[in-house]
Amino acid sequence: MITGELKSNIDKLWEEFWTGGITNPLTVIEQITFLMYARLLDANETRDEKRSQRTGKPFTRRFSDSEQHLRWKELAHQESADKLLELVRDGLFKYFRDSGKNHGGENTLFAEFMRDAQLMIQKPSLLQKAVIMIDKLPLDKGDTKGDLYEYLLGKLTTAGINGQFRTPRHIIRAMVDMTDPDKHARICDPACGTAGFLSTAYEFMLEKYSSEAGTIRETVINEKGVEEEQVTYTGDLLAEDRKHVDTDMFHGFDFDASMLRIAAMNLVMHGVKEPDIHYQDTLSQRFAERFPQEADNGFNLILANPPFKGSLDEDDVEPEVLRIVKTKKTELLFVARILKMLRLGGRAAVIIPDGVLFGSSKAHQQLRKTLIEDNQLEGIVSLPSGVFKPYAGVSTAILFFTKGGSTERVWFYDLKADGYSLDDKRTPLQGEDSNDLPDVIEQWKHYRKLVESNTSVETILESYGDKTGKAFVVDADDIKGNKYDLSINRYKEVVYEEEVYEEPKVILAKLKSLEKEIMADLDELEGML
């Protein structure tokens, strides 16, 4: 969470761009991202240089001898604003445009996004101030990069015209923890935005396959002057699978071109060398034509928060998707698209608006029936309505499902708090009941362990049969009997405490007695006057 001095510095940087004539929020974010990317490239180069000196092993250099003057440490100490502008505009951005090329000179996917990279900052003084401010950002501490993205994106203030919501980082992390991807996975987000799901999945991988021997833990002083532990992962923790991780593990699609370059740089900054990010509407026929292997049985894990209310040209939707659900509603079509994209046995965690769970239209019921009868709908987590503020107050839920088979029972969790206030400010909360996310992850893992070990229905119901708690299980037959209604309130039982009241006559008598006492006190007060 961005707070205090760091938040103030970002706000000042934003103001500098605004007063410098750059007022489009996405342009500001993109330009800041370029500069952050330049700094992190140099930081990674320095780290590899030190490791190479320590181990004696060579590494692939990011900057040749003739490009050393383009490294961040050189730019940050450039005293002349005019010279800095020349170096960044004519040197660094040319380096960006050329940096994605492989050794054969062929353009990689990353190069496609970088080939038209342009410096939009025309004022030397603005660029110098931006470089100075970004040089002070603690990009090497924890998940500061992710928090910075979330805060910068928060300045967009409203959802995009196609219903894109910026998913809070802690919600993404909970979904990744619950799906527990492994290092052989092919992971996709069909509406990736800035690649929050994909970058968080990569961070999860680093942690999952790390060991105490592969980490450096040290105590540092944060910007508030408080000691905190900093964990640095050393070595290549995914070395045996590095080629797969760099080229085929992470796949993203989106039709918002402004976000795609940020998504590509986000993944590269996290350590994925060649992220597979494409400009494409995944609902369209063109997607199936361009990416036939991805459009049908392409992935074993999909993580997504697809648009809820996009404008849609029904004639452009792939017919195979419409066969699953005949509708113009993007929230339904995306779930159908995801089912097509999954391999048999592949899993998905998808954020959907609550209307998908209980909508009464033929399309709503058709999709829910498909999830129950032709696939394994494993779990539904009901989220509080303020999770997406300040973008929107829509009520949402997370669907967890596996392609193929049929559903025997569905696990529900009624998540009431996510650790932040549910108003537009979304301030962090403290207290025992302020955050249900650790519990939902723990309960889900316990439930999945019971299911995967072929535990008897009786034992599962013993743990999750009480429908008055936060977590409970509902038999698929009960859901079918309710027209495939999946809303949590349909099945959750509310315990009402009996309130006992006195007879009306007794209450009236007490009121009359009180009135007599009041009148007596008033008569006494009048006598004193």
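The structure presented is a predicted model; accordingly, all values stated were derived computationally and were not measured.

A few words on empty space enclosed by the protein. Scanning the model with the defined rule gives two cavities of 30 Å³ or more in all. What the second largest cavity holds in volume is close to 30 Å³. Lining the second largest cavity are Ile 171, Ala 174, Met 178, Val 381, Leu 383, Ile 398, Leu 415, Leu 437 and Val 440. At the level of secondary structure, the elements contributing two or more residues to the lining of the second largest cavity comprise helix H8 (169-179) and helix H18 (437-452). Classifying every residue of the lining of the second largest cavity by side-chain character gives nine nonpolar, no polar and no charged.

Let us look at the pairing of strand S7 (residues 342-353). For a regular strand, side-chain orientation follows a simple rule: the groups alternate between the two sheet faces. As paired strands, strand S6 (residues 299-304) and S7 are joined by five bridges and run parallel to one another. Paired with Ile 302 across the bridge in S7 is Ala 348. Where S7 and strand S9 (residues 396-402) come together, seven bridges link them in antiparallel fashion. Across the sheet, Pro 353 pairs through a bridge with Thr 396, a residue of S9.

Scanning the entire structure with this criterion turns up 31 salt bridges. A salt bridge links Glu 16 to Lys 129; the nearest nitrogen and oxygen atoms lie 3.5 Å apart. Residue Glu 16 is found in helix H1 (residues 4-19), and its partner Lys 129 is found in helix H6 (residues 124-136); the two are separated by 113 residues along the sequence. Of the residues examined, Lys 129 reaches a relative accessible area of 39% and is grouped as partly exposed.

The full count for this structure, using the stated rule, is 19 aromatic pairs. When the centroid spacing of 5.2 Å and the interplanar angle of 70° are considered together, the rings of Phe 93 and Phe 96 count as edge-to-face. Of the two residues, Phe 93 and Phe 96 both sit in helix H4 (residues 81-99), three residues apart, roughly one turn of that helix. Assessed through its relative accessible area of 1%, Phe 93 is described here as buried. Where Trp 411 meets Tyr 464, the ring centres are 6.5 Å apart and the plane angle is 80°; that geometry is what we call edge-to-face. Here the residue Trp 411 occupies a position in strand S10 (residues 409-414), and Tyr 464 occupies one in helix H19 (residues 457-464), the gap between them amounting to 53 residues. There is no split in this pair, since Trp 411 and Tyr 464 are both buried. The rings of Phe 34, Tyr 37, Phe 63, Phe 93, Tyr 95 and Phe 96 are connected pair by pair, giving a single aromatic cluster.

So, about the packing of H8 against helix H9 (residues 196-208). Across the interface, H8 lies against H9 with an axial gap of 9 Å and an inter-helix angle of 55°. For the element pair H8 / H9, the angle class is oblique. The way H8 lies across H9 gives a crossing that is right-handed. Facing H8, whose interface residues are Arg 169, Ile 172, Arg 173, Met 175, Val 176 and Asp 177, H9 presents Gly 196, Phe 197, Ser 199, Thr 200, Ala 201, Glu 203, Phe 204 and Glu 207. Looking at the contact of H8 with H9 residue by residue, the class counts come to six nonpolar, three polar and five charged.

Now for the side chain of Asp 354. Tracing the backbone shows Asp 354 in the loop between S7 and helix H16 (355-358). Here Asp 354 is buried and forms no salt bridge, its nearest opposite-charge partner Lys 416 lying at an N-O distance of 9.9 Å. In this view, Asp 354 contacts Ser 395, Thr 396 and Ala 397; residues no more than four positions away in its chain are not counted.

What follows covers the environment of Ile 121. Locating Ile 121 in the fold gives a position in the loop between helix H5 (109-114) and H6. Residues Ile 121 and Val 88, 33 residues apart in the sequence, show an inter-C-alpha distance of 9.9 Å. Setting aside residues no more than four positions away along its own chain, Ile 121 makes contact with Phe 17, Ile 22, Gln 31, Leu 85, Leu 126 and Leu 127.

What follows concerns the confidence of the model for the protein. Keep in mind that low pLDDT regions are not for reading the predicted coordinates in detail. On average, the protein scores 85 in pLDDT, and the residues at 70 or more come to 86%. Low pLDDT, under 50, characterises residues 102-107; the stretch is placed with four contacts to residues that sit more than four places away or in other chains. Note that residues 158-163 has pLDDT below 50 and, in this model, 12 contacts with residues that lie over four places away or in other chains.

Below, the discussion takes up a negative patch on the surface. On the surface, Glu 517, Asp 521, Asp 523, Glu 524 and Glu 526 cluster together into a patch of negative charge. You can see Asp 523 is positioned in helix H22 (residues 504-528).

What follows covers a nonpolar patch on the surface. On the surface, Ile 518, Met 519, Leu 522, Leu 525, Met 528 and Leu 529 cluster together to form a nonpolar patch covering roughly 700 Å² of accessible area. Structurally, the position occupied by Met 528 is in helix H22.

This part takes up unusual backbone geometry. A positive phi angle, close to 60°, is found at Asn 297, a residue other than glycine. Residue placement: Asn 297 occurs in the loop between helix H13 (292-295) and S6. For Tyr 484, which is not a glycine, the phi torsion comes out positive at approximately 60°. Tracing the backbone shows Tyr 484 in the loop between helix H20 (476-480) and helix H21 (488-491).

A separate point is the sheet that holds S9. In spatial order, the strands read S5-S4-S1-S6-S7-S9-S8-S10-S11; together these nine strands make up an open sheet with mixed pairing. In this open sheet, the two strands that pair with only one neighbour each are strand S5 (276-279) and strand S11 (471-475). Across the sheet, the mean angle separating the axes of adjacent strands is 15° when strand polarity is ignored. With four bridges connecting them, strand S4 (residues 250-254) and S5 associate as parallel partners. The residue of S5 that forms the bridge with Asp 254 is Tyr 279. The strands touched by helix H15 (residues 330-341) are strand S1 (187-189), S4, S6, S7 and S9; relative to S7, the strand with the most contacts, the crossing angle is about 160°.

Each value, and the rule that gives it
Residues numbered from 1 in each chain as written. Predicted model: local features only at pLDDT ≥ 70, side-chain atom pairs only at ≥ 80, totals over all residues. Heavy atoms only, no water. 1 Å grid on protein atoms, 1.4 Å probe; cavity = no way out; pocket = protein on both sides within 12 Å on 5 of 7 lines; lining within 4 Å. Points joined across faces, edges and corners; volume = space filled by probe spheres on them. Helix = DSSP H or I, 4+ residues; strand = E, 2+ residues; numbered from the N terminus. Nonpolar A, V, L, I, M, F, W, Y, C, P; charged D, E, K, R; others polar. Pairing = 2+ DSSP bridges. Salt bridge = Lys/Arg side-chain N within 4 Å of Asp/Glu carboxyl O. Buried < 20%, exposed > 50% of the residue type's maximum accessible area, 1.4 Å probe, protein only. Phe/Tyr/Trp six-rings, centres within 6.5 Å; stacked < 30°, edge-to-face > 60°. Axes fitted to C-alpha atoms, helices over the stretch in contact; angles between N-to-C directions. Parallel < 35°, antiparallel > 145°, perpendicular 65-115°, else oblique. Left-handed = near helix turned anticlockwise from the far one by under 90°. Contact = heavy atoms within 4.5 Å. Lys, Arg positive; Asp, Glu negative; His and termini not counted. pLDDT = per-residue confidence, 0-100. Patch = residues over 30% accessible without salt bridge, like charges linked within 9 Å, V, L, I, M, F, W, Y side chains within 5 Å. Areas by Shrake-Rupley, 256 points an atom, 1.4 Å probe, with all protein chains shown as cover. Charge placed at Lys NZ, Arg CZ, Asp CG, Glu CD.

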